Amino acid sequence: MQKKIQSALISVFYKDGLAPIALQLEKLGITIYSTGGTQTFLEELGVKCVPVESLTTYPSILGGRVKTLHPAVFGGILGRRYEPQDLQEMKQYHIPEIDLVIVDLYPFEETLKNTSEEKAIIEKIDIGGPSMIRAAAKNFSDLTVIAAKDDYPLLEKLLITQAGITSIEQRKAFAAKAFEVVMHYDIAISNYFNPLPNQVLRYGENPHQQAAFEGDLTKIFTQLNGKELSYNNLVDTDAAIQLIADFSHYTDAVFAIIKHTNVCGVAARATVKASWEAALSGDPESAFGGVLVCNQPIDAATAEAINEIFFEVLIAPAFEEAALTILKGKKNRILLQLHANELTNSTMRKSILNGTLVQDIDHSNYEKWEEVGGRVATDNEKTNLIFANIICKHLKSNAIALIKNNQLVGKGCGQTSRIDALRQSIEKAKQFNFSLADAVLASDAFFPFDDCVQIAHAAGIEAFIQPGGSVRDKDSIAYCIAQNLVMVITGTRHFKH
């Protein structure tokens, strides 16, 4: 459905880029309504315009706070040209049809950057602008709305090449952008009145990068000791808490060691001290300077053992008094008491290019348990496969986790090929003298070829868990059947970048 623009309402804060459009509107004989500084700007260009006050019969009042908030303006924007009743009422009350609305918003965010004076900030909360934009966008079946100067070139081209005639697709596209502009503006205002706690950090990922944390960490944990958490501490602490949350159903003590967001040691045992010792033995070299996390309270015996190595952060749901006395012996050591069930985020965000990626947090383990190998997993193998799948999920892709007796004995992560991740995991196991007999393997994504299962089998692995989904799944499955190996397909990939 095409519409010809015959009248326009223009009210903008920034005038740059407006002149060519105004001149083209006048060239097409389009009636222009305007007010305030925009009217002055247009008249200085030599463009004729009708003062909005001639429609409202009211001047701009209250220091400019009220200019366009009037039925004569909003009726002209919201009136439905396809509704006889609307047209009759517009005629009765002498309300002109408005076909194009060009409005931008007071510079609220720019004002926040330049001043902390509340009065100045409040005065830059636009009322009429968002109202007109929303009204025009709502009535896109009849109106074109331009809410950002970034769209001026497109509007100018439309005026020149289409003589002011617009299609419904064009108007709807402009309306979508307009709602996005208003949404962003409203969020900025809401954030001003409802600020998140902003903790300025010493620096970012590297010393030359500035950084801050926006949020309330006290809802997640209580810091019992140590220096201020750094950017990297917080990133690894998040990885540690996300990992331990996946073991909330475990009755055994689970201890994990995190380094650069990857799990480098983890084990489940009957006691906290035993789980710590098993986790550490998985890779004692990488544990240096790591972030530690446990799902059970830290006792004195475990504290004595942990106290022997250097670590940055220790996270647990509680600490015995004797354990605290031991661990607080080093003033910079960060001790965090984790609150129960306080992770509330359901999505995660990542700034890329000129925008933000948003996705659901990966809270799953496996969608299905489909045994397709040469034999069914034993109870012990199944327990270890489930454990392995959780651990692999918390390693950077491409990732392989080797688990034996609920202990990480080898891992490969952050590799550009799956076979490299596998080789790395086997070498890790060899480095710390672990036999891979009776160990199981988890892969965060499918095996593209059967080479991985062949190499792992040669190293002693007899049970595998992976999401499946490769066009060549049958190759790996066929090998497992021929060699009487366990292969579990989960249907759930766990890429982590």
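Located above this text is the structure these notes cover.
Here is what the cut-offs are and how they apply
Residues numbered from 1 in each chain as written. Predicted model: local features only at pLDDT ≥ 70, side-chain atom pairs only at ≥ 80, totals over all residues. Heavy atoms only, no water. Helix = DSSP H or I, 4+ residues; strand = E, 2+ residues; numbered from the N terminus. Patch = residues over 30% accessible without salt bridge, like charges linked within 9 Å, V, L, I, M, F, W, Y side chains within 5 Å. Areas by Shrake-Rupley, 256 points an atom, 1.4 Å probe, with all protein chains shown as cover. Salt bridge = Lys/Arg side-chain N within 4 Å of Asp/Glu carboxyl O. Buried < 20%, exposed > 50% of the residue type's maximum accessible area, 1.4 Å probe, protein only. Axes fitted to C-alpha atoms, helices over the stretch in contact; angles between N-to-C directions. Parallel < 35°, antiparallel > 145°, perpendicular 65-115°, else oblique. Left-handed = near helix turned anticlockwise from the far one by under 90°. Contact = heavy atoms within 4.5 Å. Nonpolar A, V, L, I, M, F, W, Y, C, P; charged D, E, K, R; others polar. Pairing = 2+ DSSP bridges. Phe/Tyr/Trp six-rings, centres within 6.5 Å; stacked < 30°, edge-to-face > 60°. Lys NZ or Arg CZ within 6 Å of the ring centre and 35° of its normal.

## Side note on the environment of Met-132
- Summarising the element assignment, Met-132 is placed in helix α8 (residues 128-138).
- For the pair formed by Met-132 and Ile-98, sequence separation is 34 residues and the distance between their alpha carbons is 11 Å.

## Concerning a nonpolar patch on the surface
- Taken together, the side chains of Ile-352, Leu-353 and Leu-357 make up a nonpolar region of the molecular surface, amounting to roughly 340 Å² of accessible area.
- For Leu-357, the position within the fold is in strand β17 (residues 355-360).
- Note on Leu-357: relative accessible area 48%, which makes it partly exposed.

## Digging into unusual backbone geometry
- Residues Ser-397 and Asn-398 are joined by a peptide bond in cis, for which omega reads -10°.
- For Asn-398, the location among the structural elements is in the loop between α15 (379-393) and β19 (400-403).
- Non-glycine residue Ala-163 carries a positive phi angle of around 55°.
- As for its position among the elements, Ala-163 is in the loop between α9 (152-161) and β7 (165-166).
- Ala-163 gets classed as partly exposed once you look at its relative accessible area, which sits at 32%.
- At Asn-433, a position not held by glycine, the phi torsion is positive, near 60°.
- Looking at where Asn-433 falls in the secondary structure, it is placed in the loop between α16 (418-431) and β21 (440-443).
- Judged by its relative accessible area of 69%, Asn-433 falls in the exposed class.

## Description of the packing of helix α1 (residues 19-27) against α9
- Between α1 and α9, whose axes approach to 10 Å, the crossing angle comes to 20°. Considered as vectors, α1 and α9 are oriented roughly parallel to each other. Where α1 crosses over α9, the handedness of that crossing is left-handed. Between α1 and α9, the residues in contact are Pro-20, Ile-21, Gln-24 and Leu-25 and Tyr-152, Leu-155, Glu-156, Leu-159 and Ile-160, respectively.
- Across the contact of α1 with α9, the residue classes tally to seven nonpolar, one polar and one charged.

## A few points about the sheet that holds strand β20 (residues 408-412)
- Pairing within the open sheet is mixed, and its six strands lie in the order β18-β23-β22-β21-β19-β20. Both outer strands of the open sheet, β18 (370-371) and β20, are each paired with one neighbouring strand and no more.
- As paired elements, β18 and strand β23 (residues 486-489) share two bridges and run antiparallel to each other. Residue pairing in the sheet places Glu-370 in a bridge with Ile-489 of β23.
- In the packing of helix α18 (residues 473-482) onto the sheet, the strands contacted are β22 (463-466) and β23, and the crossing angle to β23 comes to about 150°.

## Regarding the packing of aromatic side chains
- According to the stated counting rule, one finds 12 aromatic pairs in the structure shown.
- Here Phe-288 and Phe-310 contribute two aromatic rings whose centre-to-centre distance is 5.2 Å and whose plane-to-plane angle is 45°, an arrangement assigned as tilted. One end of the pair, Phe-288, is in the loop between α12 (272-281) and β13 (291-294); the other, Phe-310, is in the loop between α13 (300-306) and β14 (313-316), and 22 residues separate them in sequence.
- Judged by relative accessible area, Phe-288 falls into the exposed class, the value being 53%.
- Taken together, Phe-108, Tyr-185, Tyr-192 and Phe-193 form an aromatic cluster joined through their ring pairs.
- In this structure, Lys-382 packs its charged tip against the face of Trp-369, placed 5.1 Å from the ring centre.

## Some points on the pairing of strand β16 (residues 347-352)
- Of the pairings in the sheet, the one linking β16 to β17 comprises six bridges and is antiparallel in character. Across the sheet, residue Ile-352 finds its bridge partner in β17, namely Gly-355.
- Counting the residues in the hairpin turn of β16 and β17 gives two residues, including Leu-353, whose phi is positive at 45°.

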